[in-house]
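Summary of structural features
Next come the chains, spelled out residue by residue.
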Amino acid sequence: DGLGWDPLHRVRLSVRLRRAVGRQVHVVPLEEAVRAPSLLRDALEEGRVLIDRDRKWADLKSRQAEVRRAARTAERRTAERAAEAVAQARARLA
């Protein structure tokens, strides 16, 4: 996308935006949010789009229920993997 989403760029952009809007700002590239259903869900529920050059926000908002389901599924899988890891660690310690 040419924006250079390196961490330093994000921090600088976040600081500038926070100063401009007077609120906490989290800069999240769309490609990153799409790969993380929970992050995308949070962005759709709580986020504000400042620039939507490609006009993708309306489409994402229309899929909000689908995104919520995907987030719940991803969170459930993460919790299951964590529980399994804890069980394996306990078994090794026993």
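Now for a description of the structure that goes with this document. By convention here, each chain's residues receive numbers from 1 onward along its written sequence. For a predicted model such as this one, the threshold for reporting local features is a pLDDT of at least 70, and the threshold for listing and counting side-chain atom pairs is 80 or more; totals across whole chains, interfaces and linings nevertheless cover every residue. Only hydrogens and water are set aside when side-chain values are computed; all heavy atoms of the structure are taken into account.

Quick look at helix α5 (residues 64-93) now. Helical segments are the DSSP runs of H or I of at least four residues, strand segments are the runs of E of at least two, and each set is numbered from the N terminus. Residue count minus one, scaled by 1.5 Å, sets the expected span of a helix. If you check α5, its first and last C-alpha atoms are 43 Å apart, about what 30 residues at 1.5 Å a residue would give, namely 44 Å. Those residues of α5 that are buried lie in contact with α3 (37-46) and α4 (57-62). The contact criterion used is simple: two residues touch if any of their non-hydrogen atoms lie within 4.5 Å.

Turning our attention to the side chain of Gln64. Within the secondary structure, Gln64 is located in helix α5. A relative accessible area of 13% places Gln64 in the buried class. Once residues lying within four places of it in the same chain are set aside, the contact partners of Gln64 are Leu44 and Glu45. Each residue gets one of three labels from its accessible area relative to the maximum for its type: buried under 20%, exposed over 50%, partly exposed in between, using a 1.4 Å probe on protein chains only.

Cavities and pockets were defined on a 1 Å grid built over protein atoms only: a cavity is a set of grid points that admits a 1.4 Å probe from which the probe cannot escape, a pocket is an open set flanked by protein on both sides within 12 Å along at least five of seven lines, and lining residues are those with an atom within 4 Å of any such point. Grid points are joined across faces, edges and corners, and a volume is the space filled by probe spheres set on the points. One number sums up the size of the largest pocket: a volume of about 1400 Å³. Around the largest pocket, the lining is made up of 33 residues, and of these Val28, Arg48, Val49, Leu50 and Ile51 lie nearest the centre. For the lining of the largest pocket, the secondary structure elements donating two or more residues are α1 (7-21), α2 (30-35), α3 and α4. Across the lining of the largest pocket, the residue classes tally to 19 nonpolar, four polar and 10 charged. Throughout this entry, Asp, Glu, Lys and Arg are counted as charged residues, while Ala, Val, Leu, Ile, Met, Phe, Trp, Tyr, Cys and Pro are counted as nonpolar. The remaining residues, Gly among them, count as polar.

On to unusual backbone geometry. Look at Arg55: it is not a glycine, yet its phi comes out positive at around 55°. With respect to the secondary-structure elements, Arg55 resides in the loop between α3 and α4. Among the residues examined, Arg55 registers a relative accessible area of 72% and is labelled exposed.

Our focus in this paragraph is a nonpolar patch on the surface. Each patch is built from residues that are more than 30% exposed by relative accessible area and take part in no salt bridge. Like charges join if they lie within 9 Å; nonpolar side chains (Val, Leu, Ile, Met, Phe, Trp, Tyr) join within 5 Å. Only the protein chains shown count as covering a residue, and every accessible area follows the Shrake-Rupley method with a 1.4 Å probe. Any carboxyl oxygen of Asp or Glu within 4 Å of a side-chain nitrogen of Lys or Arg constitutes a salt bridge here. Together, Val21, Leu50 and Ile51 make up a nonpolar patch on the protein surface, roughly 300 Å² of accessible area in all. The topology assignment puts Leu50 in the loop between α3 and α4.

Turning next to the packing of α3 against α5. Angle between the axes and distance between the axes are the two parameters that describe a pair of packed helices. At a minimum axis separation of 8 Å, α3 and α5 run at an interaxial angle of 140°. When the interaxial angle is binned, α3 and α5 end up oblique. Crossing hand, α3 versus α5: left-handed. Together, Pro37, Ser38, Leu40, Arg41, Leu44 and Glu45 of α3 and Gln64, Val67, Arg68, Ala70, Ala71, Ala74 and Glu75 of α5 make up the contact between the two elements. Considering only residue class, the contact of α3 with α5 consists of seven nonpolar, two polar and four charged. Axes here refer to lines fitted to C-alpha atoms; in helices the fit is confined to the stretch in contact. Angles between the N-to-C directions go from 0 to 180 degrees. Here the angle decides the label: under 35 degrees means roughly parallel, over 145 means roughly antiparallel, 65 to 115 means roughly perpendicular, and every other value means oblique. For any pair of crossing helices, the crossing counts as left-handed if the nearer helix is rotated counterclockwise from the farther one by less than a right angle, and right-handed if it is rotated clockwise.

What the rule picks out here adds up to six salt bridges. The salt bridge involving Arg41 is made with Glu75; its shortest N-O contact spans 2.9 Å. Highlighted residues: Arg41 in helix α3 and Glu75 in helix α5, separated in sequence by 34 residues. For Arg41, a relative accessible area of 16% puts it in the buried group. Each of the salt bridges in this network shares a partner with another, and the network as a whole consists of Arg41, Asp42 and Glu75.

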